[in-house]
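Chain by chain, the residues:
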Amino acid sequence: MIIRETTDAFIMTTQDDHGRFSGEIARGFRPSLFMDESVLDEVLLAIAEHDRAWLRMDDTPIWNDRSGTPYTFIDYPVLPKLLMYSKGVDEIEAMSPYAAYLCSLHFASFMKNAKGAPFVAFYQEEQQRQERLRRAHEFPADDIVQRQFGLLQLCDDISLYVSMNEPGATKEQEHLWFRNGFAMSIEGEKVVAQWISEDEIRLSPVLFDQSWSASVRWKQVLKKEIQQEGLAQAFAAAPWTEQTVIFVS
């Protein structure tokens, strides 16, 4: 779950909704960014489905007593999270081996330098998956794989940027993760996002041939409802809200 806290509520976006929003963003990118359009459908599948592991975890959100907030994707208990990550990539592999390969690279990248036995075991298992997939299938050249993997992570970051910031936030108000741009660079230029209104975002360098809109849904779960009904019931009862963002060219 992705959480943005306000004075009286938690704005809660499920990881799967975030993933599908990532996929919508990617569909608007200039095709040349992908370098090899023969696997474009599989790359778009990887981006849209990359967080399907969270379907089961986000179905019933749980409360973090230590922080006094719902658990998020950042602090969710490690063992069930890693187990579901593996299961999620298994399910993507059944759809597309190359999409699973990109998603495996994505999740393994989080654990590459992590300490602790569960993280090391997960990383090693995903490396084994990647080796097995490379042996069994013909994938694009390494430079193309790295670009397409980078675009998956970029769309993930852009979607997080939308969900973790107040619409229309100034650079000074943005979440610290994003004030200096994203990790991805295109032709040597770091990708940077900026709200220019409550429903418009400008990305530089230009990633779209024309302005592109994408929508994500979330729930505003009132804190008083959580106190009265508990988090799971309050989340289930809260209505969905759809937010549409225009990425201006």
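Structure shown above.
Report on the accompanying structure. (Residues numbered from 1 in each chain as written. Predicted model: local features only at pLDDT ≥ 70, side-chain atom pairs only at ≥ 80, totals over all residues. Heavy atoms only, no water.)

### Regarding the overall build of the protein chain
Next up, step 1: A tally of helices and strands in the protein chain yields 9 helices and 10 strands.
Next up, step 2: In terms of C-alpha radius of gyration, the protein chain reaches 18 Å, essentially the compact-globule figure of 18 Å for 249 residues.
Next up, step 3: Each principal axis of the C-alpha distribution contributes one length, and for the protein chain these read about 55 × 45 × 30 Å.
Next up, step 4: The buried share among the 249 residues of the protein chain stands at 52%.
Next up, step 5: A separation of at least 24 residues holds for 70% of the contacts in the protein chain among residues at least 6 apart in sequence.
Next up, step 6: Looking at the protein chain as shown, the accessible area adds up to about 12,100 Å², and 48% of this sits on carbon and sulfur atoms. (Helix = DSSP H or I, 4+ residues; strand = E, 2+ residues; numbered from the N terminus. Rg over C-alpha atoms; globule rule 2.2 N^0.38 Å. Buried < 20%, exposed > 50% of the residue type's maximum accessible area, 1.4 Å probe, protein only. Contact = heavy atoms within 4.5 Å. Areas by Shrake-Rupley, 256 points an atom, 1.4 Å probe, with all protein chains shown as cover.)

### Structural notes on the sheet that holds strand 9 (residues 212-222)
Next up, step 1: Taken in spatial order, the 6 strands line up as 1-2-9-10-8-7 in an open sheet, and their pairing is mixed. At either end of the open sheet lies a strand with only one pairing partner, and these are strand 1 (2-5) and strand 7 (192-195). Between one strand axis and the next, the sheet turns by 35° as a mean value, whatever way the strands run.
Next up, step 2: As paired strands, strand 8 (residues 200-204) and strand 10 (residues 240-248) are joined by 3 bridges and run parallel to one another. Following the sheet pairing, Ile-201 is matched in strand 10 by Phe-247.
Next up, step 3: Across the face of the sheet, helix 1 (residues 15-27) comes into contact with strand 1, strand 2 (9-13), strand 9 and strand 10 while running at roughly 165° to strand 9.
Next up, step 4: Sitting on the sheet, helix 7 (residues 142-164) touches strand 1, strand 2, strand 7, strand 8, strand 9 and strand 10, and the angle it makes with strand 1 is about 30°. (Pairing = 2+ DSSP bridges. Axes fitted to C-alpha atoms, helices over the stretch in contact; angles between N-to-C directions.)

### Looking at the layout of surface pockets
Next up, step 1: Looking at the largest pocket, its volume works out to about 530 Å³.
Next up, step 2: As for the largest pocket, its lining consists of 25 residues, of which Phe-73, Ile-74, Tyr-85, Phe-110 and Trp-177 are closest to the centre.
Next up, step 3: Contributing elements (two or more residues each) for the lining of the largest pocket: helix 1, helix 4 (78-95), helix 5 (97-111) and helix 7.
Next up, step 4: By residue class, the composition of the lining of the largest pocket is 15 nonpolar, 5 polar and 5 charged. (1 Å grid on protein atoms, 1.4 Å probe; cavity = no way out; pocket = protein on both sides within 12 Å on 5 of 7 lines; lining within 4 Å. Points joined across faces, edges and corners; volume = space filled by probe spheres on them. Nonpolar A, V, L, I, M, F, W, Y, C, P; charged D, E, K, R; others polar.)

### Focus: unusual backbone geometry
With the exception of glycine, most residues fall at negative phi, and the peptide bonds are largely trans.
Next up, step 1: The step from Ser-204 to Pro-205 runs through a cis peptide bond, and the omega angle for that step is 0°.
Next up, step 2: Within the secondary structure, Pro-205 sits in the loop between strand 8 and strand 9.
Next up, step 3: Of note in this structure, Met-35 is not a glycine but carries a positive phi near 70°.
Next up, step 4: If you trace the backbone, Met-35 turns up in the loop between helix 1 and helix 2 (40-49).

### What to know about the packing of helix 1 against helix 7
A pair of packed helices is captured by two measures, namely the crossing angle of their axes and the spacing between those axes.
Next up, step 1: Contact geometry of helix 1 with helix 7 gives a least axis separation of 8 Å together with a crossing angle of 115°. Between helix 1 and helix 7 the crossing geometry is right-handed. From helix 1, His-18, Phe-21, Ser-22, Ile-25 and Ala-26 reach across to helix 7, where they touch Cys-155, Asp-156, Ile-158, Ser-159, Leu-160 and Val-162.
Next up, step 2: Looking at the contact of helix 1 with helix 7 residue by residue, the class counts come to 7 nonpolar, 3 polar and 1 charged. (Left-handed = near helix turned anticlockwise from the far one by under 90°.)

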